[in-house]
Amino acid sequence: MDMKRTAFILLLLASFLKIQAQDEKMNLFIDDLMSKMTTDEKIGQLNLTTSGEYVTGSTINDKVQQKLQAGKIGGMLNASLPSMKASMDVAIKESPHHIPLLFGMDVIHGYQTIFPIPLAMSCMWDMSLEEKSARIAAREATANGIAWTYSPMVDIARDPRWGRIAEGAGEDPWLGSQVAKALVKGYQGNDLSLDNTMMACVKHFALYGAAEAGRDYNTVDMSRVSMYNYYLPPYKAAVDAGVGSVMTSFNVIDGVPSTGNHWLLTDLLRNQWGFKGFVVTDYTAVNEMINHGLGDLQTVSALALKAGTDMDMVGEGFLTTLKKSLDEGRITINDIDIACRRILEAKYKLGLFSDPYRYMNAERAKTDVMTPENLKAAREIATRSMVLLKNDKHILPLKKSGTIAVIGPLGDSKNDMIGTWAFAGGKDKVSSVVDGLKNIGGSAVKVLYAKGSELTDNPVLLKNDSPFFPGQKKASEPVISSEQLRKEAIQTAEKADVIVAVLGEPSSWSGEASSMSDISIQKVQQNLLKALLATGKPVVLVLINGRPMTLAWEDANVSSILEAWAGGTEAGNAVASILFGDYNPSGKLTTTFPLSVGQIPLYYNHLNTGRPMDPNNKFTSKYLDISNNPLYPFGYGLSYTTFDYSDIKLNKNRLNGDETLIATVTLTNTGKMAGEEVVQLYIQDPEASISRPVKELKNFTKVMLQPGEKKDINFEITTNDLKFYNSDLKYDWEPGEFIIYIGSNSRDVKSTKVNRVK
Ligand code: BGC
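From a predicted model like this one, the values you see are computed outputs, not experimental measurements.

K.L.:
Honestly, the sheet that holds strand 5 (residues 201–205) in this entry has me stumped. Any pointers?
P.N.:
By definition, the strands of a sheet pair up through backbone hydrogen bonds, in either a parallel or an antiparallel sense. Spatially, 3 strands are ordered 5-6-9 in an open sheet, and the strand pairing comes out parallel. Among the strands making up the open sheet, the edge pair consists of strand 5 and strand 9 (278–280). Shown here is a sheet whose adjacent strand axes are inclined to one another by a mean of 25°, direction ignored. Across 3 bridges, strand 5 lies against strand 6 (residues 245–248) in parallel orientation. Paired with Val202 across the strands is Val246, a residue of strand 6.

Structure, rendered in structure tokens:
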């Protein structure tokens, strides 16, 4: 034991000394370089420019070529490989100190092998597969010039009107923190200096997901208690996992835009959390502070630098005004030096000074991209991301024989399978639902297809639907009348044994700048569904979408519903594996599906009110016209088999101080198929110094059981699971009663009480 301990300590010491030696070498290199750089060149390093190829706002920067030659560009985002290569050539050969460029891209859910949108992936409740998705994305992207990704996006979102809910891991801070860690680890690996790992960038710091009314870029206003307990944990988890960079958000915090918020970027991020990497703004976020009302471009640029922002994305506020601010004494050379050093450190750690072209590896681009293993992982991840919402009459799984009519505007779409953010996504390899049913069903299955309806006939939506990205298609104006499309679909359906209706939202309706006030299935699609149900044939509804939708009517009228999200390259094959029962679904929702938009924000870990809902008492917290409850709660998802939970057994009912509590349930597979269950542990602290949520997820485990098999599931609960930030923002637990819940989702749980004294 002692020998082992000594060996361990020696190992730690050795790795510490190695890191110190490496840091010293890096510092000497950067000291030397910076001693030769002019102030303009140092400011140039803080300038992140766009190539103008894939954009999410206006392209402010111009004369890129001249700026590269003058050393006025530190990095470039979202550029194609030829343009990255050409720009690197100029920086290396023609700029004064030949400093390599840092190339970044929004590699959010895969590079060319596209995985499901992040919200979908979170429904796997599987951190090793989350990590694997990021590892594959890093391997593919780093062969194609990318050293830096703008991921993970870890914004907690409680509002499905906000299109960017698609990009994160849902509404829970604990689960969101696990995902944040896994993704950082996947992108960065253990060694950032390898040529197949890339630097991650956690975003959007902070609280971006709490935009008022779910409208993108809107105001955020939140108490510190809510920030610390519910919104900040995933960003902190990414920092603790060693994320190399942080992106600011577009919103204000306490009235000050994140990009110019000293409390956020320096007091919290660097001083409290110990972040050592660099901070980049979001797209033109410095300039946007003018609209926020913080002053002119020179003022807001100086404010951003002083607050702790190091790199300015696209807006050129730093490039065009910092020198003047320095001359006028608004900022110091030390402010510029600190930021410049952080950017150079990132480039050094990525190995760009040793070989600026190390991430442009034509050989690896052939061997490491879209490989059969990558596609296999994409299939597995897509299959595990999908959530079975209903299967009352057991129409599913389908037999691999007979005729299936796939009906709906998303039934044979490839583009809409890859979701938001898929710049490089190899579209030709994507499987649609029709493709999937043919591939997986085999020769005894006949698959027919009819479109049945347009995506929408809402003129405002049609006009606004302006996708930014290659791969996203605009919803088209109806050319054939709805009646005609429906008629053709019914004729096709009549020839089939079962109808698979594929409805929902195209890729361009979620993601950035894609807020919606109505999150139900569009009227034209709903009318199609009604007509399909009227045929009397069995109907399975497959939803393709990037956000929770309001599905009260569908839930009441369709007996089988599969939430398939935008599942990536292998989406169609994954849908088919589930529909045919080759894979027994195990995904669970990580965000609440409301009954109606009027209930939003609706989330499981809310506080109690002083007047909890009582349907028989008017003067309680409720709506007159609708229940408070969601349609599908957080954690919900069905399987083709069924599971039984025993009551909870505890090792103790009263604990002293730090004693560990063990809570056990026996889980039994009571159905006829082998299946996996996500067993979820929630805790409530009903007597505390501040009001605490009615339930909080604290742990889970995913278990595979054969039919009839039983297993004891143990959760160890320590005081760490009970800690929260009180009104003085002190992080600790408080003694008293706790309620332990274990179950298959946040609603359906067993519960028991325990007391813990200090
Ligand atoms: C988005 C970021 C993204 C950036 C670069 C912005 O508009 O908010 O999430 O990383 O553009 O594309």
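K.L.:
Help me understand the nonpolar core, please; the structure alone is not making it clear to me.
P.N.:
Here is a general trend for soluble globular proteins: nonpolar side chains tend to be buried in one another's company. Ranked by size, the top nonpolar core spans 161 residues in total, and within it Trp148, Phe205, Leu232 and Leu389 carry the most contacts. With 7 residues, the single largest contributor to this core is helix 7 (residues 173–188). The residues contacting Leu389, other than those within four sequence positions of it, are Leu543, Leu551, Ile561, Glu563, Leu589, Phe593, Tyr632, Tyr636 and Leu638. One finds Val434, Val447, Val500 and Met516 within the second-largest nonpolar core, a separate group that totals 45 residues.

K.L.:
Explain the sheet that holds strand 27 (residues 749–757) here, please?
P.N.:
Read across the open sheet, the 5 strands follow the order 19-27-26-21-22; overall the sheet is mixed. The open sheet has two edge strands with one neighbour each: strand 19 (654–656) and strand 22 (696–705). Ignoring which end each strand starts from, the neighbouring axes of this sheet average 25° apart. Looking at chain direction, strand 19 and strand 27 are connected through 3 bridges and run parallel. Looking at strand 27, one finds that Leu655 is bridged to Arg756.

Criteria and cut-off values
Residues numbered from 1 in each chain as written. Predicted model: local features only at pLDDT ≥ 70, side-chain atom pairs only at ≥ 80, totals over all residues. Heavy atoms only, no water. Pairing = 2+ DSSP bridges. Helix = DSSP H or I, 4+ residues; strand = E, 2+ residues; numbered from the N terminus. Axes fitted to C-alpha atoms, helices over the stretch in contact; angles between N-to-C directions. Core = buried A, V, L, I, M, F, W, Y, C linked by side-chain atoms within 4.5 Å. Buried < 20%, exposed > 50% of the residue type's maximum accessible area, 1.4 Å probe, protein only. Contact = heavy atoms within 4.5 Å.

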